[in-house]
Amino acid sequence: MKSILITGGAGFIGSHVVRLFVTKYPDCRIVNLDKLTYAGNLENLRDVEQRPNYTFVRGDICDFETVVSLMRRHEVEGIIHLAAESHVDRSIRDPFTFARTNVLGTLTLLEAARRCWEERPEGYAGKLFYHISTDEVYGALELTRPEGVASPFTTTASSAEHHLAYGEEFFEETTRYAPHSPYSASKASSDHFVRAYHDTYGMPTLVTNCSNNYGPCQFPEKLIPLFINNIRHRRPLPVYGRGENVRDWLYVEDHARAIDRIFHHGRVAETYNIGGFNEWKNIDLIRLLVRTTDRLLGRREGEDLDLITFVEDRKGHDLRYAIDSRKLQRELGWEPSLQFEEGIERTVRWYLDNQAWMDRVTSGAYRTYYEEMYGSR
Ligand code: NAD
Ligand code: DAU
């Protein structure tokens with residue numbers, strides 16, 4: 001049985017990737033290596049945890065011996081590396097943790113993979129180290145069209161009323177790296193290490209840089225789940241600065257589908273940008289979120305708009321992200337499947353229908369699930 005190691009599989013995106021691979025590839029063993037930091041929640045994988053082709057290992061990607069023995073035991077042939085510290089605000093308060101996990105953790109995984117794959121008779125043949133990165137490594141784009149104009153890009157899911165671009169420039173695979181936050185600096189550094197392992201040792205590697213994800217099971221420190229929960233409880237919605245910043249949003253299952261396509265059909269040593277072709281100014285997105293949540297809660301649409309509270313801006317707050325993912329569209333035939341309004345409706349509904357999930361996360365109760373499932377090892 002072929003084994004694929006997925007790191008960070010108990011997190012937001014990782015759990016969607018694990019679910020997709022475990023169910024779509026029953027003849028593949030999916031090994032999920034996750035440290036279960038505050039962001040790791042095994043309850044995200046409750047529906048697949050008993051599948052015969054799924055194995056969970058609690059461990060730290062910075063622990064070289066753990067990774068090597070895991071890779072040898074399962075004869076891992078492919079790695080999809082998602083484990084990371086992922087929240088920009090935390091990186092501003094605690095940059096060292098980001099350097100440790102994102103830079104040293106990635107380097108540890110690369111070195112473990114090199115050790116294990118080079119000792120095999122076939123060497124690197126049939127192997128792949130696929131690193132999941134972010135659009136934030138490219139820095140920030142100008143907001144030259146504050147009201148937005150029709151986006152030059154089209155996709156099947158792009159006929160939504162709001163399909164706007166807020167500037168002429170987009171991040172391309174060749175855009176020069178210019179990270180601003182400790183988080184994006186640590187991701188940029190890890191991307192460079194991955195490419196260096198290809199260029200130096202001939203390791204088959206791939207990097208993808210994706211835009212903002214949204215959907216079920218995102219930790220409620222990030223904008224969308226935090227605000228849905230606050231609207232439900234009628235708590236203030238802290239909008240950084242004037243809410244003018246622009247993000248390009250992609251439904252998490254579309255990202256997982258892209259990862260699947262790229263893992264199986266992407267060209268080694270390439271970079272692919274993944275994005276939603278879907279730019280939204282924060283304040284417009286927040287108003288949509290309030291209206292949608294109000295409606296689904298049976299409240300008057302928009303009655304909670306007065307929860308919006310402008311607060312001090314994030315330090316070094318990147319103004320605009322916008323991904324050009326036409327290379328992926330052109331070469332591998334991937335595109336987003338959902339219009340944003342539909343994705344937001346689905347997402348709000350999920351959080352409202354899964355209040356128990358949210359309550360266990362916000363109370364900290366989710367942290368006992370590992371012991372309940374696996375004992376206190
Ligand atoms: P997340 O914070 O929800 O999950 C991260 C997971 O990694 C958690 O399960 C955590 O327990 C695990 N982890 C952290 N440190 C670890 C360590 N030392 N060893 C083992 N496991 C560890 O993150 P996410 O939002 O799902 O992001 C996943 C990846 O995708 C990250 O690499 C992130 O940079 C990238 N990314 C995220 C987005 C987004 O919008 N969320 C967009 C583009 C790229
Ligand atoms: O672009 C990809 C990145 O998207 C990923 O690499 C990161 O892991 C992921 O966290 C995300 O980063 P952002 O900083 O863009 O996401 P966040 O949800 O934290 O914030 C989205 C926007 O909303 C951003 O402009 C900051 C703003 N914001 C956020 C929070 C949490 C607020 O105005 N108020 C808030 O309370």
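For the structure itself, look to the data block above.
These numbers were taken from a predicted model, which means no experiment stands behind them.

A short note on the side chain of T101
Then, number 1: Within the secondary structure, T101 is located in helix α4 (residues 95-118).
Then, number 2: Among all residues touching T101, those that are not within four sequence positions of it are I61, C62, A84, E85 and T106.

Here we look at the site of ligand 1
Then, number 1: Around ligand 1 sit 28 residues in total, of which I13, D34, S86, Y183 and K187 are the nearest.
Then, number 2: Within the backbone of F12, one N or O atom sits 3.1 Å away from an oxygen atom of ligand 1.
Then, number 3: The backbone of T37 places a nitrogen or oxygen atom 3.0 Å from an oxygen atom of ligand 1.
Then, number 4: For ligand 1, whose accessible area on its own is 840 Å², the fraction buried by protein is 97%.
Then, number 5: Listing elements by their share of the shell around ligand 1, those giving two or more residues are α1 (12-24), β5 (128-134), α5 (182-201) and β9 (212-214).
Then, number 6: Top contributing element to the shell around ligand 1 by residue count: β5, with three residues.

Section: unusual backbone geometry
Then, number 1: For A269, which is not glycine, the phi torsion reads 75 degrees and is therefore positive.
Then, number 2: Inspection of the secondary structure puts A269 in the loop between α7 (252-265) and β12 (271-274).
Then, number 3: Backbone geometry at F277 places phi at a positive 50 degrees, although glycine is not the residue there.
Then, number 4: Checked against the element boundaries, F277 lands in the loop between β12 and β13 (279-281).
Then, number 5: You can call F277 buried: its relative accessible area is 5%.

Here's the deal with the state of the cysteines
Then, number 1: Taken as a whole and judged by the stated rule, the model has zero disulfides.
Then, number 2: There is no disulfide at C28, and the cysteine sulfur nearest it, in C116, is 18 Å away.
Then, number 3: With no disulfide of its own, C62 lies closest to C116 among cysteine sulfurs, the gap being 17 Å.

Details of the site of ligand 2
Then, number 1: Residues in close proximity to ligand 2 total 24 residues, the closest being T134, D135, Y183, R314 and H317.
Then, number 2: The backbone of Y240 places a nitrogen or oxygen atom 2.8 Å from an oxygen atom of ligand 2.
Then, number 3: Relative to its unbound accessible surface of 690 Å², ligand 2 loses 94% to contact with the protein.
Then, number 4: Going through the elements one at a time, α6 (223-232) and β10 (237-240) are the ones with two or more residues in the shell around ligand 2.
Then, number 5: Partitioned by chemical class, the residues of the shell around ligand 2 number 10 nonpolar, eight polar and six charged.

Points about the sheet that holds β5
Then, number 1: If you walk across this open sheet you meet the seven strands as β3-β2-β1-β4-β5-β8-β12, and the pairing is parallel. The sheet is open, and its two borders are formed by β3 (54-58) and β12, each paired with just one other strand. Between one strand and the next, the sheet's axes are offset by a mean angle of 20 degrees, whatever the strand orientation.
Then, number 2: Summarising the sheet, strand β8 (residues 205-210) and β12 pair through four bridges and their orientation is parallel. Among the inter-strand pairings, T208 is bridged to a residue of β12, identified as Y272.

Points about helix α11 (residues 355-363)
Then, number 1: When α11 is considered as a whole, its buried residues turn out to be Q355, W357, M358 and V361. Burial along α11 is one-sided: seen end-on, the buried residues are contained in an arc of 155 degrees. Set apart from the buried face of α11 by more than 90 degrees, the exposed residues are A356 and S363.
Then, number 2: Taken together, the buried residues of α11 touch α6 and α10 (340-353).
Then, number 3: Immediately beyond the C-terminal end of α11, within one or two residues, lies G364, with a positive phi of roughly 90 degrees.

Quick word on the nonpolar core
Then, number 1: I6, L42, I80, Y130, I262 and I274 are the most contacted members of the largest nonpolar core, which totals 39 residues.
Then, number 2: Sequence-distant contacts of I262, defined by excluding residues within four places in its chain, comprise Y130, L206, T208, Y272, I274, L328 and L332.

A look at the pairing of strand β2 (residues 28-34)
Then, number 1: The buried fraction of β2 amounts to seven of the seven residues, a majority that puts the element mostly inside the structure.
Then, number 2: Pairing of strand β1 (residues 2-7) with β2 involves six bridges; the strand directions are parallel. Bridge pairing in β2 links I4 to I30.
Then, number 3: In this view, the connection linking β1 to its parallel neighbour β2 by way of α1 has right-handed handedness.
Then, number 4: Alignment of β2 against β3, held across five bridges, turns out to be parallel. By the bridge assignment for β3, L33 is matched with V57.

Digging into the pattern of salt bridges
Then, number 1: Enumeration over the complete set of coordinates arrives at 31 salt bridges.
Then, number 2: In this structure, the salt-bridge partner of D304 is R299, at a minimum N-O distance of 2.7 Å. Of the two residues, D304 and R299, both sit in the buried class.
Then, number 3: Here the residues in one salt-bridge network are R234, R299, E303 and D304, joined through shared partners.

Section: the pairing of β8
Then, number 1: β8 sits mainly inside the fold: six of its six residues count as buried.
Then, number 2: What you see with β8 is no split at all: T205, V207 and N209 on one side and L206, T208 and C210 on the other are buried throughout.
Then, number 3: Two strands pair when backbone bridges link them, and β5 and β8 are joined in this way by six bridges, in the parallel orientation. Across the sheet, F129 pairs through a bridge with T205, a residue of β8.

Conventions we followed
- Residues numbered from 1 in each chain as written.
- Chains lettered and ligands numbered in written order.
- Predicted model: local features only at pLDDT ≥ 70, side-chain atom pairs only at ≥ 80, totals over all residues.
- Heavy atoms only, no water.
- Helix = DSSP H or I, 4+ residues; strand = E, 2+ residues; numbered from the N terminus.
- Contact = heavy atoms within 4.5 Å.
- Near = heavy atom within 4 Å.
- Polar contact = N/O pair within 3.5 Å; in protein donor to acceptor, adjacent residues only side chain to side chain.
- Areas by Shrake-Rupley, 256 points an atom, 1.4 Å probe, with all protein chains shown as cover.
- Buried < 20%, exposed > 50% of the residue type's maximum accessible area, 1.4 Å probe, protein only.
- Disulfide = S-S within 2.5 Å.
- Nonpolar A, V, L, I, M, F, W, Y, C, P; charged D, E, K, R; others polar.
- Pairing = 2+ DSSP bridges.
- Axes fitted to C-alpha atoms, helices over the stretch in contact; angles between N-to-C directions.
- Arc of directions from axis to C-beta.
- Core = buried A, V, L, I, M, F, W, Y, C linked by side-chain atoms within 4.5 Å.
- Right-handed = clockwise from strand over helix to strand, strands pointing away.
- Salt bridge = Lys/Arg side-chain N within 4 Å of Asp/Glu carboxyl O.

Any functional reading would require information that these geometric values do not contain.
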